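Listed here are the chains, written in short residue letters.
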Amino acid sequence: MRYQHQRFPFVRPAELDGRRCRVPVLIVGAGPVGLALAIDLALHGIASVLVDDGDTVSVGSRAICWSKRTLEIFDRLGVAGRMVEKGVTWKVGRLFHGDKEVYSFDLLPEPGHKHPAFINLQQYYVEEYLIDRAREFPDLIDLRFKTRLVGLERRPDGVTAELDTPEGRYAIAADWLVGCDGVRSTVRGLLGLDFVGRTFEERFLITDIEMKAEFPSERWFWFEPPFHDGRSALLHKQPDDIYRIDLQLSPDADPEVERKPENVKPRIEAIVGARPFEIDWISVYTFQCRRLERFVHGRVIFAGDSAHIVSPFGARGGNGGIQDIDNLAWKLAAILEGDAPEALISTYDEERVRGADENILNSARATSFMTPKSRMESIFREEVLAMAETEAFARRLVNSGRLSLPCSLDGLSLQSDDDPAFAGAGLVPGSPCLDAPVLDSQGGETWLLEHCGGRFCVLAFGSPVEVPGGVAQLVVVPAGCGCPTSAGPCLVDAGGYVGERYALDSGAAYLIRPDQHVAARFRKPTREKIASALARAQRQETR
Amino acid sequence: MSEPGIDTTFRLGARGDDVYAALIEAHRGLSDEASARLNARLVLILANQIGDAGIVLAGIARARAAMGVAEHTETA
């Protein structure tokens with residue numbers, strides 16, 4: 001059953017009838033990144049206007065692989081349940097060379113995580129679920145379709161955007177504007193910013209086909225498959241009997257010719273055999289790795305593909321964009337609420353440039369492995385692939401994309417120095433928090449990450465600690481210990497996962513950021529130490 | 001088929017892709033002849049660094065076997 005695209009009507013805004021208003025945040029682009037930002041801000045009580053020049057969700061599956069960390073973020077935003085239920089869960093990848101399997105990997109080998117390593121789910125479903133969720137905040141999220149950004153005036157304290165609609169133009173003033181408008185960003189164009197990086201010569205043909213088949217829920221990647229003239233191919237299963245097939249094209253291929261269904265069909269038949277199938281969507285993309293030098297330009301901020309673009313193998317585009325929002329939303333909210341100085345925003349740039357560079361490095365290397373440029377590079381690749389059959393080490397050098405893992409913010413300016421008493425065990429400051437199964441104080445099964453996030457929180461182990469005013473505290477007690485009566489929220493580490501993953505002894509505590517990253521940790525926490533780490537994590541001078 | 005002394009498990013940890021990228025980069029712009037010479041020098045440097053002739057010989061045998069070349073070839 002193919003996806004039915006719903007059309008969202010244009011709703012005439014009051015601005016066209018002369019109303020003047022100023023919004024805290026104007027978001028340009030209602031893809032997964034812009035929608036996630038509007039929802040995250042709404043959860044902080046911050047209002048936004050979200051404009052998009054289209055009137056429906058993504059055409060074509062586009063971003064399909066959503067990583068565990070992204071699902072944890074989407075859980076905080078309230079959409080992960082629907083996504084996991086609808087999506088195809090997978091964690092095993094298989095690599096083939098010619099007609100032989102050379103290597104397989106399991107991305108989530110250990111138990112005790114709420115979310116799977118990856119799900120595959122078409123971008124149109126993700127956008128649909130996010131739009132449904134956004135509609136649950138009618139007072140805070142103003143979603144405007146068929147509304148195109150055409151002009152931008154910047155001031156030190158905000159922007160005025162000129163918007164074009166089917167019923168005329170209007171201006172809207174905002175304290176902040178966030179460009180989530182994709183690789184061909186209008187916001188980036190209006191600011192005249194360079195998008196620096198490299199374009200690879202190779203193109204990939206991507207096709208969604210609908211067919212009944214029994215392929216397992218795994219990622220299959222072929223180097224030099226017998227069915228595709230020695231080039232790379234990728235097969236992914238999606239919901240609704242849709243399969244994604246990516247086929248590498250030679251540098252001299254003409255994309256307009258290659259994308260014609262009569263040319264695509266025989267290639268698909270060579271992979272799937274005699275099964276009947278229907279082509280649902282065809283696209284051709286060029287590999288690119290680029291980013292803006294800075295993601296923050298005064299009161300204009302970039303997130304997702306408008307800020308950085310990677311080649312696709314590794315699932316680092318959509319996931320990277322959602323991780324941008326995870327990092328950005330609480331900072332914008334803290335600044336708008338007066339809890340943090342405007343300088344906090346520069347740390348979005350610092351932290352997400354690191355993430356983007358990591359994604360660009362990994363995807364550029366995978367691209368290079370798929371498309372050797374010199375005779376010696378080809379020889380190295382051929383020998384790695386040939387040795388992979390017998391030499392275990394060579395399998396780990398085969399690169400069909402290093403799949404998205406969360407970026408560590410270790411050593412960056414918001415994080416406190418690690419407490420040497422931990423001797424590096426557990427999660428160093430800057431690490432994304434690891435999930436763990438726990439029991440609530442009534443004995444009900446729950447997950448650690450459902451209880452931290454969205455605000456600064458002290459995770460105390462064993463017993464409550466003294467925390468500065470206004471900071472939430474979550475007490476986790478070891479198995480067999482009861483919750484202290486007056487502690488507030490308390491969880492029981494029944495399986496011992498929290499103690500092990502966080503290297504916690506009784507009396508120790510972590511300071512967790514609203515985006516579920518470790519800001520600081522202490523073997524012997526004091527109110528003063530926590531207050532100082534908290535001030536640092538919000539870019540405040542000491543209180 | 002594992003020769004004594006050669007560990008074929010992956011030993012480069014998180015740096016495998018860094019090492020591979022550096023190898024490829026080292027050959028950038030070189031002719032085939034120059035690349036072959038670079039590889040020869042690199043092998044000699046690493047053999048000396050290993051410092052254990054038994055391991056180097058086992059490695060040579062293993063590389064030849066992995067290529068499907070007989071272990072001892074003699075010129076007729």
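Residues numbered from 1 in each chain as written. Chains lettered and ligands numbered in written order. Predicted model: local features only at pLDDT ≥ 70, side-chain atom pairs only at ≥ 80, totals over all residues.

## Observations regarding the overall build of chain A
Helices and strands together make up the secondary structure of chain A, namely 13 helices and 26 strands. Relative to the globule expectation of 24 Å for 543 residues, the C-alpha radius of gyration of chain A, 24 Å, shows essentially globular dimensions. Among the 543 residues that make up chain A, the fraction classed as buried is 48%. In chain A, the proportion of contacts linking residues at least 24 apart, taken out of those at least 6 apart, comes to 68%. (Helix = DSSP H or I, 4+ residues; strand = E, 2+ residues; numbered from the N terminus. Rg over C-alpha atoms; globule rule 2.2 N^0.38 Å. Buried ≥ 20, exposed ≤ 12 C-beta atoms within 10 Å, placed from the backbone. Contact = placed C-beta atoms within 7 Å.)

## Looking at the overall build of chain B
On a plain count of helices and strands, chain B comes out with three helices and zero strands. Moving toward the C terminus, one meets the helices and strands of chain B in the order α-α-α. For chain B, the proportion of its 76 residues judged to be buried stands at 5%.

## A few points about the sheet that holds strand 19 (residues 308-309) of chain A
Sheet strands pair via backbone hydrogen bonds, and the direction of the pair is either parallel or antiparallel. Residue and element names in this part refer to chain A. If you walk across this open sheet you meet the eight strands as 6-5-13-14-15-12-16-19, and the pairing is mixed. Edge positions in the open sheet fall to strand 6 (100-106) and strand 19, since each of these has one partner strand only. Relative to strand 13 (residues 219-223), strand 5 (residues 92-97) runs parallel, the two being bridged by five bridges. Residue pairing for strand 13: His97 is matched across the bridge by Phe223. (Pairing = 2+ DSSP bridges.)

## Remarks on the interface of chain B and chain A
The partner chain A presents 16 residues to the 14 residues of chain B that form the contact. Taken together, the elements giving at least two residues each to the side of chain B that touches chain A come down to helix 1 (16-26) and helix 2 (32-50) of chain B. Top contributing element to the side of chain B that touches chain A by residue count: helix 1 of chain B, with six residues.

## Quick look at the sheet that holds strand 23 (residues 472-478) of chain A
Residues and elements named next belong to chain A. Taken together, the seven strands give an open sheet; going across it, the order is 21-20-24-23-22-25-26, and neighbouring strands pair in mixed fashion. Both edges of this open sheet fall to strand 21 (445-447) and strand 26 (518-522), since each of them pairs with a single strand only. Each adjacent strand pair in this sheet contributes to an overall mean axis angle of 30°, direction not counted. Here four bridges tie strand 22 (residues 457-461) to strand 25 (residues 509-512), and the two strands are oriented antiparallel to one another. Among the inter-strand pairings, Val458 is bridged to a residue of strand 25, identified as Leu511. (Axes fitted to C-alpha atoms, helices over the stretch in contact; angles between N-to-C directions.)

## Topic: unusual backbone geometry
Residues and elements named next belong to chain A. Phi is positive for Arg62, close to 45°, though the residue is something other than glycine. Among the secondary structure elements, Arg62 is positioned in the loop between strand 2 (48-51) and strand 3 (65-67). At Lys146, a residue that is not glycine, the phi angle is positive and equals roughly 50°. The residue Lys146 is located in the loop between strand 8 (141-144) and strand 9 (148-155) in this model. According to the C-beta neighbour criterion, Lys146 is partly exposed, with 18 such atoms within 10 Å.

## A look at helix 1 (residues 32-43) of chain A
Residue and element names in this part refer to chain A. In this model helix 1 runs 16 Å from its N-terminal to its C-terminal C-alpha over 12 residues, within 8% of the 16 Å that 1.5 Å per residue would give. Buried residues dominate helix 1, accounting for 12 of its 12 residues. All of the buried residues in helix 1 are Pro32, Val33, Gly34, Leu35, Ala36, Leu37, Ala38, Ile39, Asp40, Leu41, Ala42 and Leu43. Phi for Gly45, located one or two positions after helix 1, is positive at around 85°. (Expected span 1.5 Å × (residues − 1).)

## As for the pairing of strand 26 of chain A
Residues and elements named next belong to chain A. Among the five residues of strand 26, five are classified as buried, and the element is accordingly described as predominantly covered. Two elements, strand 25 and strand 26, share four bridges in a ladder whose sense is antiparallel. Bridge pairing in strand 26 links Leu511 to Ala520. Count of turn residues in the strand 25/strand 26 antiparallel hairpin: five residues, of which Gln516 carries a positive phi of about 60°.

## Structural notes on the environment of A:Pro9
Here A:Pro9 shows up in the segment before strand 1 (22-28). Distance from A:Pro9 to A:Arg144, taken between C-alpha atoms, is 8.9 Å for residues 135 residues apart in sequence.

## Thoughts on the environment of A:Gly45
By the secondary structure assignment, A:Gly45 is in the loop between helix 1 and strand 2. C-beta crowding within 10 Å serves as the criterion here: with 12 such atoms nearby, A:Gly45 is assigned to the exposed category.

## Overview of the confidence of the model for chain B
Model confidence for chain B is summarised by a mean pLDDT of 88, while 86% of its residues fall at 70 or above. The ipTM value of the predicted complex is 0.90, and its pTM value is 0.95. (pLDDT = per-residue confidence, 0-100.)

## Description of the nonpolar core
Residue and element names in this part refer to chain A. Judged by nonpolar contacts, the single largest core of 80 residues is most densely connected at Leu37, Ala38, Met83, Ile301 and Ala303. Look past the residues within four positions of Ile301 in its chain and what remains in contact with it is Trp176, Val178, Phe295, Val296, Leu328 and Tyr348. In terms of nonpolar packing, the next biggest core, distinct from the first, is built from 41 residues, Leu459, Ala460, Val467 and Cys490 among them. (Core = buried A, V, L, I, M, F, W, Y, C linked by C-beta atoms within 7 Å.)

## Considerations on the packing of helix 1 of chain A against helix 8 (residues 318-336) of chain A
All names here are of chain A. Contact geometry of helix 1 with helix 8 gives a least axis separation of 9 Å together with a crossing angle of 30°. When the interaxial angle is binned, helix 1 and helix 8 end up roughly parallel. Note that helix 1 runs across helix 8; the crossing there is right-handed. In this structure, helix 1 contributes Pro32, Val33, Ala36, Leu37, Asp40 and Leu41 to the contact, and helix 8 contributes Gly318, Gly321, Ile322, Asp324, Ile325, Leu328, Ala329, Leu332 and Ala333. Counted by class, the contact of helix 1 with helix 8 contains 11 nonpolar, two polar and two charged residues. (Parallel < 35°, antiparallel > 145°, perpendicular 65-115°, else oblique. Left-handed = near helix turned anticlockwise from the far one by under 90°. Nonpolar A, V, L, I, M, F, W, Y, C, P; charged D, E, K, R; others polar.)

## Quick word on helix 4 (residues 123-134) of chain A
Residues and elements named next belong to chain A. Compared with an ideal rise of 1.5 Å per residue, which puts 12 residues at 16 Å, helix 4 spans 16 Å between its outermost C-alpha atoms and is within 8% of the ideal. Within the span of helix 4, buried status applies to Tyr125, Val126, Glu127, Glu128, Tyr129, Leu130, Ile131, Arg133 and Ala134. Residues of helix 4 that are buried make contact with helix 1, helix 2 (68-77), helix 3 (80-86) and strand 8.

## Overview of the packing of helix 2 of chain A against helix 8 of chain A
Residues and elements named next belong to chain A. Packing of helix 2 against helix 8 leaves a shortest axis separation of 10 Å and a crossing angle of 45°. In terms of axis orientation, helix 2 runs oblique to helix 8. The way helix 2 lies across helix 8 gives a crossing that is left-handed. Residues Arg69, Thr70 and Ile73 of helix 2 lie in contact with helix 8, whose contacting residues are Asn319, Ile322, Gln323 and Asp326.

## Looking at the pairing of strand 1 of chain A
Residues and elements named next belong to chain A. Of the pairings in the sheet, the one linking strand 1 to strand 11 (residues 168-179) comprises six bridges and is parallel in character. Residue pairing for strand 11: Arg22 is matched across the bridge by Ala173. The β-α-β motif built from strand 1, the intervening helix 1 and the parallel element strand 2 has right-handed crossover chirality. (Right-handed = clockwise from strand over helix to strand, strands pointing away.)

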